[in-house]
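Chain residues, written in single-letter form:
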Amino acid sequence: MAVFDSTVILRYKQQGEQHFVNEFPCIVTRVGLAITNAVSEYELSADVVNIRSITWKGWPLDPISHRELRNMGFSGTQSGKPQWYIFSNVGKQKIKLFPTPTETIAASSGTALFGSAISTSVIIEYFRTSDFSNNAIPAYLGRRFLKDFVLFR
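About the cut-offs
Position numbers for residues count from 1 along each chain, tracking the sequence in the order it is written. Residue-level local features of this predicted model are given only where pLDDT is at least 70; pairs of side-chain atoms are given and counted only at 80 or more, and the full residue set underlies all totals for whole chains, interfaces and linings. Side-chain calculation: all heavy atoms of the structure are included, whereas hydrogens and water are not. The set of buried Ala, Val, Leu, Ile, Met, Phe, Trp, Tyr and Cys residues whose side-chain atoms join them within 4.5 Å is what this entry labels a nonpolar core. Exposed residues in this analysis have more than 50% of their type's maximum accessible area, buried residues have under 20%, and partly exposed residues fall in between, with area computed by a 1.4 Å probe over protein chains only. Secondary structure elements follow DSSP: runs of H or I no shorter than four residues count as helices, runs of E no shorter than two count as strands, and numbering proceeds from the N terminus. In this description, contact between two residues means that some pair of their heavy atoms is separated by no more than 4.5 Å. A helix's residues, less one, multiplied by 1.5 Å, set its expected span. Grid points spaced at 1 Å over the protein atoms alone were grouped into cavities, where a 1.4 Å probe fits but cannot get out, and pockets, open sets with protein on both sides within 12 Å along at least five of seven lines, with lining residues defined by an atom within 4 Å of a point. Grid points are joined across faces, edges and corners, and a volume is the space filled by probe spheres set on the points.

A word on the nonpolar core. Grouped burial of nonpolar side chains is what soluble globular proteins tend to show. Counting residues in hydrophobic clusters, the biggest one holds 17 residues, and the most contacted among them are Ile35, Ile51, Ile54, Ile95, Leu97 and Ile124. Elements that contribute at least two residues to this core include exactly strand E3 (48–56), strand E5 (84–88), strand E6 (94–98) and strand E7 (122–128). The dominant element in this core, judged by the number of residues it contributes, is E3, at 4 residues. If we ignore the near neighbours within four places in the chain, the residues touching Ile54 are Trp59, Pro60, Leu61, Tyr85, Ile95, Val122, Ile123 and Ile124.

What follows is about helix H1 (residues 6–23). Since there are 3.6 residues in each turn of an α-helix, residues three or four apart along the chain are aligned in direction. Its 18 residues give H1 an end-to-end C-alpha distance of 26 Å, which sits within 8% of 26 Å, the value for a rise of 1.5 Å per residue. Within H1 the residues assigned to the buried category are Tyr12, Gly16, Glu17, Phe20 and Val21.

The subject of this paragraph is the layout of surface pockets. For the largest pocket, the calculated volume is near 200 Å³. Ranked by residues supplied to the lining of the largest pocket, first place goes to helix H3 (residues 139–152) with 5 residues.

The next point concerns H3. Taking 1.5 Å per residue as the helical rise, H3 with its 14 residues ought to reach 20 Å, and the 19 Å between its terminal C-alpha atoms agrees with that figure. Taken residue by residue, H3 has Gly142, Leu146, Phe149 and Val150 as its buried positions. Its buried side turned inward, H3 meets H1.

Right under this line is the structure:
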């Protein structure tokens, strides 16, 4: 008779994988964000750990903090082509584009995010949590690390 059943081992394995992904962001995903005219805040999915990059029609947006924005003398009500974004993964999963966009852009998906959609879309590339199937740490890495983590538990 086994000391631990398979459900306990699976739970520890999944905890280990989430721990690894949080400590060493390694799973990268791209998503094409739907932009609405005069709206600056957008909700991100719950699987976002950290943002790697954001591009606006092929132009990179720079991360900025609320404090830096205030120190630059902006009130946050300006509109135009966004140049910066504010992201805080503490609490709400939201980004705020600054200046506020003055156009509407449709969402993109699929392989176009790596080619034809770059010049016409807003693309967020981010580190994500594992879903334990399609977006998971590589098997060659997982076998060794997760075995040790399960044994540790």
